[in-house]
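Inside the fold
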Amino acid sequence: MTRYARRGVHGQTVETLARRVLSGEIPEGATLDMAALQSELDVSLTALRESLKVLAAKGMVDARQKRGTFVRPRSDWNLLDADVLRWQFSERSGTGADPALLRNLGEVRGIVEPAAVRLAAVRRTDADLKALEAALTAMGQEGGASDAVEADLAFHRALLAATHNELLERMEMVIESGLAHRDQLVHSAPHSEDPVPSHRAVLDAVRDRDPDAAEHAMRALLDQATRDLDNLSGPSTPESADHSAEQKDGQAQ
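The structure reproduced in this document is the subject of the present report.

Analysis parameters
- Residues numbered from 1 in each chain as written.
- Predicted model: local features only at pLDDT ≥ 70, side-chain atom pairs only at ≥ 80, totals over all residues.
- Heavy atoms only, no water.
- Helix = DSSP H or I, 4+ residues; strand = E, 2+ residues; numbered from the N terminus.
- Buried < 20%, exposed > 50% of the residue type's maximum accessible area, 1.4 Å probe, protein only.
- Contact = heavy atoms within 4.5 Å.
- Expected span 1.5 Å × (residues − 1).
- Arc of directions from axis to C-beta.
- Pairing = 2+ DSSP bridges.
- Axes fitted to C-alpha atoms, helices over the stretch in contact; angles between N-to-C directions.
- Parallel < 35°, antiparallel > 145°, perpendicular 65-115°, else oblique.
- Left-handed = near helix turned anticlockwise from the far one by under 90°.
- Salt bridge = Lys/Arg side-chain N within 4 Å of Asp/Glu carboxyl O.
- Phe/Tyr/Trp six-rings, centres within 6.5 Å; stacked < 30°, edge-to-face > 60°.
- Lys NZ or Arg CZ within 6 Å of the ring centre and 35° of its normal.
- 1 Å grid on protein atoms, 1.4 Å probe; cavity = no way out; pocket = protein on both sides within 12 Å on 5 of 7 lines; lining within 4 Å.
- Points joined across faces, edges and corners; volume = space filled by probe spheres on them.
- Nonpolar A, V, L, I, M, F, W, Y, C, P; charged D, E, K, R; others polar.

Our next topic: the overall build of the protein. A tally of regular secondary structure across the protein gives 12 helices and 2 strands. The N-to-C order of helical and strand elements in the protein reads α-α-α-β-β-α-α-α-α-α-α-α-α-α. Residues classed as buried in the protein amount to 41% of the 253 residues present. Relative to all contacts within the protein whose residues are 6 or more apart in sequence, the contacts with residues 24 or more apart total 71%.

Now for helix 6 (residues 126-140). Compared with an ideal rise of 1.5 Å per residue, which puts 15 residues at 21 Å, helix 6 spans 21 Å between its outermost C-alpha atoms and is within 8% of the ideal. Taken as a whole, helix 6 has its buried residues at Asp128, Leu129, Leu132, Ala135, Leu136 and Met139. The buried residues of helix 6 occupy an angular sector of 130° when projected down its axis, which confines them to one face. Exposed side chains of helix 6 directed beyond 90 degrees from the buried face belong to Asp126, Ala127 and Lys130. Against the buried residues of helix 6 lie helix 5 (99-123), helix 7 (145-161) and helix 10 (196-207).

With that out of the way, let us pick up the pairing of strand 2 (residues 68-71). Inspection of the sheet shows strand 1 (residues 61-64) paired to strand 2 by 4 bridges, in the antiparallel sense. Bridge assignment links Arg64 to a residue of strand 2, and that residue is Gly68. The hairpin formed by strand 1 and strand 2 contains 3 residues between the paired strands, and Lys66 there has a positive phi angle of roughly 75°.

Before going further, it helps to examine the packing of helix 6 against helix 10. Across the interface, helix 6 lies against helix 10 with an axial gap of 10 Å and an inter-helix angle of 165°. It follows that helix 6 is roughly antiparallel to helix 10 by the angle criterion. As for the relative orientation of helix 6 and helix 10, their crossing is left-handed in sense. Seen from helix 6, the contacting residues are Leu129, Leu132, Glu133, Leu136, Met139 and Gly140; seen from helix 10, they are Val196, His199, Arg200, Leu203, Val206 and Arg207.

With the rule as written, the count across this model stands at 22 salt bridges. The residue Glu25 makes a salt bridge to Arg20 at a minimum N-O spacing of 3.9 Å. Residue classification places Glu25 among the exposed positions, given a relative accessible area of 55%. Put simply, Arg124 and Asp126 hold a salt bridge, and the shortest N to O gap is 3.9 Å. Here the salt bridges do not stand alone but share partners, grouping Glu15, Arg19, Lys58, Asp81, Asp83 and Arg86 into one network.

Another point: the packing of aromatic side chains. Pairs of aromatic rings are described using the distance from one ring centre to the other and the angle between the two planes. Enumeration over the complete set of coordinates arrives at 0 aromatic pairs. Over the face of the ring belonging to Phe70 we find Arg67, whose NZ or CZ atom lies 3.7 Å from the ring centre.

Now for empty space enclosed by the protein. Throughout the structure, instances matching the rule amount to 2 cavities of 30 Å³ or more. Within this model, the second largest cavity holds a volume of roughly 50 Å³. If you trace the second largest cavity, you find it lined by Glu113, Leu153, His156, Arg157, Leu160, Glu172, Ile175, Glu176 and Leu179. Contributing elements (two or more residues each) for the lining of the second largest cavity: helix 7 and helix 9 (172-187). Each residue belonging to the lining of the second largest cavity can be placed in one class, and the counts come to 4 nonpolar, 1 polar and 4 charged.

Our next topic: the environment of Glu215. Looking at where Glu215 falls in the secondary structure, it is placed in helix 11 (residues 211-233). Taking the C-alpha atoms as reference points, Glu215 and Pro114, separated by 101 residues in sequence, lie 4.9 Å from one another.

Structure, rendered in structure tokens:
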């Protein structure tokens, strides 16, 4: 899952087209007016086609003879692609985060990270511990919201790397987009909870090679992440509240 390099006119064209598709401005099934887009965006036809190839690789558009280039159904889009996730958050930057998208990503984290941290507790190396400790130290330092976001991302990257499972390590590209957006919201708020103690508990359990304690600490950390978002956006929906209750019941058993 390779990130798209955002550079120059080509990069701007890709981003513009992607956000229009994701927002529904160019709806599913719509055939693109290439001449109109070329004129509006002030790019050559070759540059426009090259930009659309990026979206085609992510399942968002396709081209057929006699039909032209069209937007594919959302069910065909690669929604786990890091760029597609980032574009969805960026598209809503002026109206706030999509609660459903954040909830879906939270559920993905709830599935992936507790299992991953169990492996990390068993497989971690001294180098992994140093990376985790460095990220935690950075998390505790005074700085702006962007510094706090980067420290949190570094910690979770290091945890996935400590599994020494190449496929789980690639999940960082999925988790990072949602985590970065969630962190930006939370760390910009005036009264967010201190993230260091919950992350310290995870690191201590990984250092002790205790997978049960590591999983428990990670689930507590994810519960805190949910509370932080609820404090910003209001109470969870009934469905998500039921889901949280089921998780707690399962942990108590």
